[in-house]
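In case you want the letters, here they are:
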Amino acid sequence: MFAFKSLVANQGFATRQKTKFFNVGKVICLPEIKPTRSELIKLKKKIKLADFGHSLLKKKRDGLVKEFFATLKEAKKSKSDLTENYLKAKTAIDLARAVDGTATVRSASFALKPKANITLETRNVMGVIVPKIHSQHRVEAFHERGYGVIGTSGYIDDAAESHERVLGNIITAAETETTLKKLLVAIDKTKRRVNALEFNVIPRMNSEAKFVSLRLEELERDDIFRLKKIKQKTRGN
Amino acid sequence: MELPTGFLEKAEKREKKHWFFPISFKRKSTSGYAYTNTRVRVMKTKLLGKNDFRKMMNMSFSEIARYMQETEYSKEISELATRYTNANLIEYSLNKNLENTFNRILAFSMKASEEQVKLYLKKFDILNAKTFLRGRFSGQGEEAIISQFICAGSLGRKFFENAVKKSSNLDEAIMQLKGTEYFDIAKKFNGNLSKIEDALDKHYYRDVLEKAEPELVAFLMDEIKVKNTLNLLRAKKTGIKMEKIENESETKLALPKTDDGIENRVFLKKFLLERGNKMAREFKRNVRPVLGYLIAKENEISNIRIIVRGKSSNLPAGLIEEQLVI
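Everything in this summary refers to the structure shown in the same document. The structure displayed is predicted, hence computed values, not measured ones. (Residues numbered from 1 in each chain as written. Chains lettered and ligands numbered in written order. Predicted model: local features only at pLDDT ≥ 70, side-chain atom pairs only at ≥ 80, totals over all residues. Heavy atoms only, no water.)

Focus on the overall build of chain A
Across its full length, chain A carries four helices and five strands. Walking chain A from its N terminus toward its C terminus, one meets helices and strands in the order β-α-β-β-α-α-β-β-α. Considering chain A as a whole, with its 237 residues, one finds that 38% of them fall into the buried category. For chain A, restricting intrachain contacts to residue pairs at least 6 apart in sequence, the fraction spanning at least 24 positions comes to 72%. For chain A, the accessible surface area stands at approximately 14,800 Å², while carbon and sulfur atoms represent 58% of it. (Helix = DSSP H or I, 4+ residues; strand = E, 2+ residues; numbered from the N terminus. Buried < 20%, exposed > 50% of the residue type's maximum accessible area, 1.4 Å probe, protein only. Contact = heavy atoms within 4.5 Å. Areas by Shrake-Rupley, 256 points an atom, 1.4 Å probe, with all protein chains shown as cover.)

Re the interface of chain A and chain B
Listed as interface residues are 35 residues of chain A and, on the opposing side, 43 residues of chain B. Both sides together, the interface formed by chain A and chain B hides about 3,000 Å², and carbon and sulfur atoms give 57% of it. Where chain A touches chain B, the interface holds three salt bridges. Measuring nitrogen to oxygen at the nearest pair gives 2.5 Å for the salt bridge that ties A:D157 to B:R234. Counting across the chain A and chain B interface gives 20 residue pairs in polar contact (both at pLDDT 80 or more). Residue contributions to the side of chain A that touches chain B peak at eight residues, all from helix α2 (residues 37–100) of chain A. The residue makeup of the side of chain A that touches chain B, split by class, is 14 nonpolar, 12 polar and nine charged. (Buried area = accessible area lost by both parts, 1.4 Å probe. Salt bridge = Lys/Arg side-chain N within 4 Å of Asp/Glu carboxyl O. Polar contact = N/O pair within 3.5 Å; in protein donor to acceptor, adjacent residues only side chain to side chain. Nonpolar A, V, L, I, M, F, W, Y, C, P; charged D, E, K, R; others polar.)

Focus: the side chain of A:S107
Topologically, A:S107 is positioned in helix α3 (residues 102–110). Dropping the residues within four chain positions of it, A:S107 is found in contact with A:T102, B:T131 and B:R134.

Description of the packing of aromatic side chains
Any two aromatic rings considered together are summarised by their centre-to-centre distance and by the angle between their planes. Residues and elements named next belong to chain B. Taken as a whole and assessed by the stated rule, the structure comprises eight aromatic pairs over all chains. Ring centres 5.8 Å apart and planes at 65° place the aromatic pair F102 and F124 in the edge-to-face group. Residue F102 is found in helix α6 (residues 86–108), and its partner F124 is found in helix α7 (residues 111–137); the two are separated by 22 residues along the sequence. Note on accessibility: F102 and F124 belong to one class, buried. Measuring from centroid to centroid gives 5.2 Å for F149 and F160, while their planes differ by 40°, and the two rings are tilted. Placement of F149 in the loop between α8 (142–146) and α9 (157–166) and of F160 in helix α9 is noted, with a sequence separation of 11 residues between them. Overall, the relative accessible area of 3% leaves F149 in the buried class. (Phe/Tyr/Trp six-rings, centres within 6.5 Å; stacked < 30°, edge-to-face > 60°.)

Observations regarding empty space enclosed by the protein
What the rule picks out here adds up to two cavities of 30 Å³ or more. Counted as a void, the largest cavity has a volume near 1,200 Å³. In terms of lining residues, the largest cavity is bounded by 44 residues, among which A:V99, A:D100, B:K123, B:K227 and B:E298 are the most central. If you tally residues by element for the lining of the largest cavity, the top one is helix α13 (residues 214–238) of chain B, at seven residues. (1 Å grid on protein atoms, 1.4 Å probe; cavity = no way out; pocket = protein on both sides within 12 Å on 5 of 7 lines; lining within 4 Å. Points joined across faces, edges and corners; volume = space filled by probe spheres on them.)

Details of the pairing of strand β5 (residues 128–135) of chain A
All names here are of chain A. As defined by bridge partners, strand β4 (residues 118–125) adjoins β5 across eight bridges and the pair is classed as antiparallel. Bridged to E121 within β5 is K132. If you look at the hairpin formed by β4 and β5, you'll find two residues sitting between the two strands, and M126 has a positive phi there, around 50°. (Pairing = 2+ DSSP bridges.)

A word on the environment of A:D100
Looking at the secondary structure, you find A:D100 in helix α2. Of the residues examined, A:D100 reaches a relative accessible area of 19% and is grouped as buried. Residues within four places of A:D100 in sequence aside, it is in contact with A:V105, A:S153, A:Y155, A:I156 and B:R305. A distance of 2.3 Å separates polar atoms of two side chains, one belonging to A:D100 and the other to A:S153.

Details of the pattern of salt bridges
What the rule picks out here adds up to 30 salt bridges over all chains. With a closest N to O distance of 2.9 Å, B:D201 and B:K130 form a salt bridge. On the criterion of sequence distance, the pair formed by B:D201 in helix α12 (residues 193–211) and B:K130 in helix α7 is long-range, its members being 71 residues apart. Salt-bridge contacts for B:R157 lead to B:E161; the nearest nitrogen and oxygen are separated by 3.9 Å. Residue B:R157 and its partner B:E161 are located together in helix α9, separated by four residues, close to a single helical turn. Salt bridges here are not isolated pairs; linked through shared partners, they connect A:R145, A:D157, A:E164 and B:R234.

So this is what it looks like as structure tokens:
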């Protein structure tokens, strides 16, 4: 963090630099920095590192945005599939309840085995950890669902099958939407870092380096002037 | 005039006390069909007609609910109004009415007619036994299982409610069936529920075909044919090769389409129910009129349920109408 000290506006260098630093009324703030050669070397190193970091973060941001749009396509597709299949499943179960009766449909649903076996893994996208959901879920054949074949109807099959499809869609949608959310947070974070480097950290360090080098030059000129004066005085004597 | 529910049982008790009570007319018939069919014919006049269903089709859901209050179902609707609302109220009332009506027929039917009615209504025992086993298999709550029972068979509501209360898993549930003909069947398959269910269904058909009169056998053979055709279509849809069964001419019925679509299902359902409705119109001294009534009553309830459920869940009017057998 940088601490700032106040200087009066009409004092030498500060007046010339007033546009580059915080200007509060007539008071200008300058960074608390020692105008030494070692400080300049340190600053130059920091600037180089910041530039490198900036270009890396920019590449990361671009990569994340690219990945985001690819995932967005998938998410849109999975969402529309989910909506479409859900509507179909709702119609199928409503029809089954109407034709076979709620008691029969609910009774058949009691016989279904809980099967959605899900394993959760992670995937690394440019340093962002996103979930990868594996499920052994599949649409079962009517004789493998758990209920008897003779006492059930095609309407119940349709309702069960369409809901199995919806379950598959929910798993896919959960994966893509979580990835999307995580990518969005990561993009936002990276964007803020890139902007901070581009518009705050690097310009500030540049101006600090400029300030230090100008100060050093001025000190050099002071020294030369002083030396010349001493030389004149010694020649006059 | 129709006797109120439970009248005959009460009368029988009274008969023991008072020998002069005129209940003896019930005992004169040899097969019981004349008496049972006459009473059933009276009950048939109270079934909803084509016009009633057409009227209901043009009503909104709330109008249907109000209309139902003016029909035979009003008693059950008032009874269940505190537990259920909307379409659920009507559907559970329909189930309750079916249960009450069939139990009433069982109560007043006698001799051969009673036996045949009992045989046909055994399917509700099978359905309840399956619901009970399924519920316990997936660990459902007591209320969730009990509310799905339609106790119109020989095993009463008390039997199933006690069985549900005394068991907590499939093995215990099977043990609760001890004493019934279903225990040995359920025990045979080591907890494989789908096999138990199919075995129970097969047992029902075998048992009924063995004991039933030719008229009931003929209807059940049609039902089996329809079920086999439907299951063949289901298998075909899944891609299971069933050439052996398909080639058997017995199982074949001429269908409007070749896939397991709604058209075929509706066609087969209509094929069976129309036979039932035809039987209900006959004046014979055999099981056909009473069987016809049982089927017609089930069909009426199915039609009302289709309209009510369809309207409450905004199904297209064409789809609802397609499913009705009027």
